[in-house]
Every structure is written in C-alpha cells, then in structure tokens.
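# Structure at a glance
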Amino acid sequence: MVDKKFSFKDTFFIGLMMFALFFGAGNMIFPPSLGQDAGTNVWVAILGFLITGVGLPLCGVIAVSISGSSLRDLSNKVHPVFGVIFTSICFLVIGPFFATPRTGTVAFEIGVTPFLPPSVHAHGLPLAIYTIIFFGVTLWLCLNPTKLVDRIGKILTPVLLLVIAIIVVKGIIHPIDHYSQPVTSYAAHPFFNGFLHGYLTMDAIASLIFGIVVTKAVKDKGITSQKKISKVTIGSGIIAAIGLALVYISLAFIGATSKGLVGQTSNGGDILTTVTQYLYGGAGQMLLALAITFACLTTAIGLITSCAEYFSNMMPKISYRWFVVIFSAFSALVANVGLTQLIMISAPVLTAIYPLTIVLIILTFIDKSIGVSRGIYVGALIGAGVISIFDGLKGAGIQFQAAENLLGHLPLYTDGMGWLIPAFVCGIIGLVISKLKASKTAQRKNAA
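Counting starts from 1 at the beginning of each chain's written sequence and moves along it residue by residue. Local features are withheld for residues below a pLDDT of 70 in this predicted model, meaning they are given only at 70 or higher, and side-chain atom pairs are given and counted only at 80 or more; totals for whole chains, interfaces and linings count all residues. The side-chain numbers reported here are obtained from all heavy atoms of the structure, hydrogens and water having been left aside.

Secondary structure is summarised from DSSP: a helix means a run of H or I of at least four residues, a strand means a run of E of at least two, and numbering begins at the N terminus for each. A helix's residues, less one, multiplied by 1.5 Å, set its expected span. Given a rise of 1.5 Å per residue, 22 residues ought to cover 32 Å, and the 31 Å separating the end C-alpha atoms of helix α17 (residues 374-395) matches this to within 8%. Just downstream of α17, glycine 397 is the residue with a positive phi angle, here 90°.

Structural data, given as structure tokens:
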C-alpha cells in the first residue's frame with residue numbers, strides 16, 4: 001500500500017492537536033507560579049521547567065513513535081506484571097484520579113469563581129453544577145474520537161492560542177513591575193526546582209499515552225510506513241514543543257514581574273486572574289475564562305479518550321463508551337475536592353513515578369539505537385524506583401529517618417534528583433548480571 005502524501009499543513013495541524021493535548025490546566029497555572037517564586041532567577045528556573053515540561057514530553061511521543069509500541073509494550077520490557085501495573089497507574093494518575101479532575105477544577109476556579117458574587121460560596125453547589133456541565137461536554141466530544149484532529153487541531157487550538165497571546169503580549173510589552181526576589185528554594189537551586197516543578201504538568205507521563213493518539217491520527221491520514229509515521233510525529237512534535245515553550249516562557253515572565261501587584265499567592269491561577277483583571281479589566285477576565293476553559297477542555301478530551309481506549313482493550317467486556325461515561329462521571333466527582341487539595345495529593349505520587357517514566361523514555365531511545373537487555377531495564381528502574389518512592393513518601397509527610405540519613409549521602413538527593421545515579425549504577429549491574437546469565441546458559445548448552 002502506497003502512503004498518501006502528507007503536506008506540511010497536515011503536519012502543522014497534528015502539531016496543533018499535540019499542543020492542545022499537552023497544554024491543559026497545570027500548564028496554565030504552574031509557569032506563573034514558578035515565575036513568581038523564582039523572581040530574578042526565572043530564566044534559570046524556566047530552563048529546568050522546559051526540560052521536564054517540554055523536552056521530556058517531546059521525547060516521550062517520539063519514543064512511542066519510533067518504537068511503534070504502546071506504554072504497556074515499553075513497560076513489558078521490564079516484566080509483563082510491571083507492564084500492567086505501571087501502565088495502569090500512569091493512566092489512572094493522568095486520568096480520573098488527578099489530571100482529568102484538575103481540568104474541571106481549574107476551569108471553574110479561574111474561569112467562573114471571579115464572576116460569582118461574594119455572597120455565593122464557590123465550593124459546593126456552583127462547583128458541582130459546573131463540573132457536571134464541563135464533563136458532560138467532555139463526554140460528548142470523547143464519544144467520537146475520530147474527530148479529534150478536526151475539533152482540537154483545527155478549531156479549539158487556534159482559538160486558545162489567540163486568547164493566550166492577547167493576555168500575555170501586553171504583560172510582556174508593558175511589564176507590571178520589576179522582577180521580584182526569589183524565595184529561598186529558588187534562590188539556592190533555581191534550575192533543579194524548575195526541573196521538579198515541571199513534574200506537576202504530568203506531561204512526560206502523558207506523552208507515553210498521547211503518543212498513541214498522535215500516531216493513530218497520522219495513520220488515519222493514510223500513512224502506514226513506520227518510518228513515515230515517525231517522521232511526521234517528530235515534525236509535529238517540534239511544532240507543539242515550540243508552541244509550549246513560548247507560552248511557558250511568557251507566563252513565567254508575567255509571574256516574575258507581577259508580585260508587587262499580586263502578592264505571594266498559593267497557585268498560578270490567582271496570578272493570572274489578578275494580572276488579567278489589571279491589564280484588561282472585565283474584558284480580560286472574560287478572555288482568561290475563555291482561555292482556561294479551552295485549555296482544560298482539550299486536555300480532558302485527550303485524557304479521557306486515551307484512558308477509555310486503554311482500559312477497554314484490557315477489559316474488552318466493558319466497551320469504550322462505558323469507560324468514557326465512567327471516567328467522565330468519576331472525574332466530575334473528584335473535581336469537587338478542590339484545586340489546592342488535588343495539587344497537594346498528586347505531588348507525592350508524581351514524585352514517585354516521574355523518575356521511572358524518565359528512565360523508561362531514555363532506555364527506549366537507547367534500545368532503538370543499540371539494543372538494551374531486560375537486565376538493564378530491570379536494574380535501572382529498580383535503582384530509580386527505590387529512591388523515588390522514598391521521595392514520594394517524604395513528600396506525603398511519611399519519613400523513615402534511618403533511610404533518609406543514608407540517602408542523604410547520594411549526589412543530587414537534596415535537589416530531588418537522587419534517583420539519577422542509582423538508576424545508572426543499577427542499570428550497569430543489571431547488564432553485568434544478564435551477561436553472566438547468558439554466559440552460564442551458553443556454557444550449559446556447550447557442555448550438553
């Protein structure tokens with residue numbers, strides 16, 4: 001079968017779809033928060049953020065594309081049981097447990113709460129009504145996944161980009177204030193704090209899932225060659241990455257130069273709300289509400305679609321449509337917990353599983369180039385996982401002092417990157433063990 005011609009226009013719209021899938025709730029609120037905390041160190045901090053918030057997601061999509069494998073296939077290289085458990089955890093984390101409910105909560109708190117009269121308590125009935133409507137619309141859009149490119153790439157994304165541009169351009173041309181002074185953590189380690197801040201977007205995890213959505217969108221255009229699919233995916237990924245980087249840098253700049261107006265806030269949503277009100281008044285509030293709604297809606301569509309497809313394949317007795325209904329309803333329920341609580345709960349979980357995702361992406365690239373034995377996968381993920389799980393427990397307020405004293409000697413541990421060296425060392429150990437096992441097996445065969 002001969003592949004259809006794939007124009008730059010087609011690649012561009014796939015890139016817009018990819019941008020929209022990644023650019024959701026956390027992507028709007030976290031860069032301004034980072035900018036405010038980093039202050040004069042914002043450019044060093046945003047560099048770290050771009051690595052985990054842009055670079056790793058791009059690598060994840062490319063890794064899925066060049067390998068032609070799903071997240072479960074990649075995870076199975078460690079062990080089939082690990083493949084099922086890790087993949088399911090990832091889908092649940094970026095799906096109904098954390099990321100998807102967060103889309104509805106952020107859309108409400110930034111897009112609706114500022115317009116409610118003071119006498120109306122935002123949390124309660126208004127939030128419940130909004131989340132029912134929000135996830136009802138998401139449910140309707142998800143029931144027709146073949147329309148993703150048309151609905152997201154060609155319609156929602158251009159509108160979203162236009163609204164964001166209107167908001168940020170004025171704040172860049174006419175800065176609200178001077179750079180603020182960095183808070184303690186960003187004064188000492190701005191790069192590593194920015195790197196870890198990027199975890200909260202969950203995009204590196206999502207990339208291993210959205211990679212299948214993007215690949216399917218390319219195949220739906222008549223492309224069947226794996227080489228051509230990879231080429232188109234890389235091209236569209238670069239388009240999405242450029243868009244994400246520009247938006248993140250702009251939002252971080254606004255956060256870094258608006259502390260005098262906003263004051264110290266608990267999340268980036270408050271920053272965006274106050275800055276937009278200052279720059280454009282009531283019209284600005286409407287623009288921000290529109291941008292947030294589109295950003296959150298597009299991400300919710302991608303997340304629920306991906307999760308429903310995965311679990312319907314794993315449990316074929318329950319149809320895709322039923323999983324869409326279940327995840328939409330569950331997300332609406334969890335969204336009523338509130339934004340701050342969702343962020344607090346999700347942070348330790350992300351700290352625990354993000355390093356595993358990073359190691360898996362890196363090993364996929366190496367495996368494609370030179371081949372990687374199962375021993376390396378097992379060793380590297382054990383090395384990273386042991387440290388990251390302790391980091392996650394510490395983030396949840398559960399500490400084991402003896403282990404903490406021991407792990408404190410690891411390079412980069414205090415910077416949140418203590419898993420890096422153990423992953424490398426244990427990967428080498430896994431390689432040695434696999435070589436020894438192969439050698440013994442060969443000796444037994446020769447002896448026989």
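Don't stop here, the text continues.
Phi is positive for methionine 202, close to 65°, though the residue is something other than glycine. Here methionine 202 lies in the loop between α10 (190-197) and α11 (203-220). Even without being glycine, leucine 412 reaches a positive phi, approximately 70°. You can see leucine 412 is positioned in the loop between α18 (401-407) and α19 (420-447). Exposed residues in this analysis have more than 50% of their type's maximum accessible area, buried residues have under 20%, and partly exposed residues fall in between, with area computed by a 1.4 Å probe over protein chains only. When its relative accessible area of 30% is taken as the criterion, leucine 412 is described as partly exposed.

Right, let's talk about the pattern of salt bridges for a bit. Salt bridges are defined as contacts in which a side-chain nitrogen from Lys or Arg sits within 4 Å of a carboxyl oxygen from Asp or Glu. The full count for this structure, using the stated rule, is two salt bridges. Put simply, aspartate 367 and lysine 77 hold a salt bridge, and the shortest N to O gap is 3.1 Å. Taken together, the residues aspartate 367 in helix α16 (residues 339-370) and lysine 77 in the loop between α4 (71-76) and α5 (80-97) connect sequence positions 290 residues apart. By relative accessible area, which is 19% here, aspartate 367 ends up buried.

Next up on the list: the side chain of aspartate 391. Along the chain, the position of aspartate 391 falls in helix α17. When charges are counted, Lys and Arg are positive and Asp and Glu negative, with His and the chain ends excluded. No salt bridge is formed by the buried aspartate 391, whose closest oppositely charged neighbour, lysine 394, lies at an N-O distance of 4.2 Å. Leaving out residues up to four positions away in the same chain, aspartate 391 has contacts with Thr351, Tyr413 and Gly416. Whether two residues touch is decided by their heavy atoms; if any such pair falls within 4.5 Å, the residues are in contact.

Among the nonpolar cores identified, the biggest contains 123 residues, and Phe23, Met28 and Trp419 are the most heavily contacted of them. Counting residues per element, this core draws most heavily on helix α14 (residues 268-314), which supplies 18 residues. Buried Ala, Val, Leu, Ile, Met, Phe, Trp, Tyr and Cys residues form a nonpolar core when they are joined through side-chain atoms within 4.5 Å.

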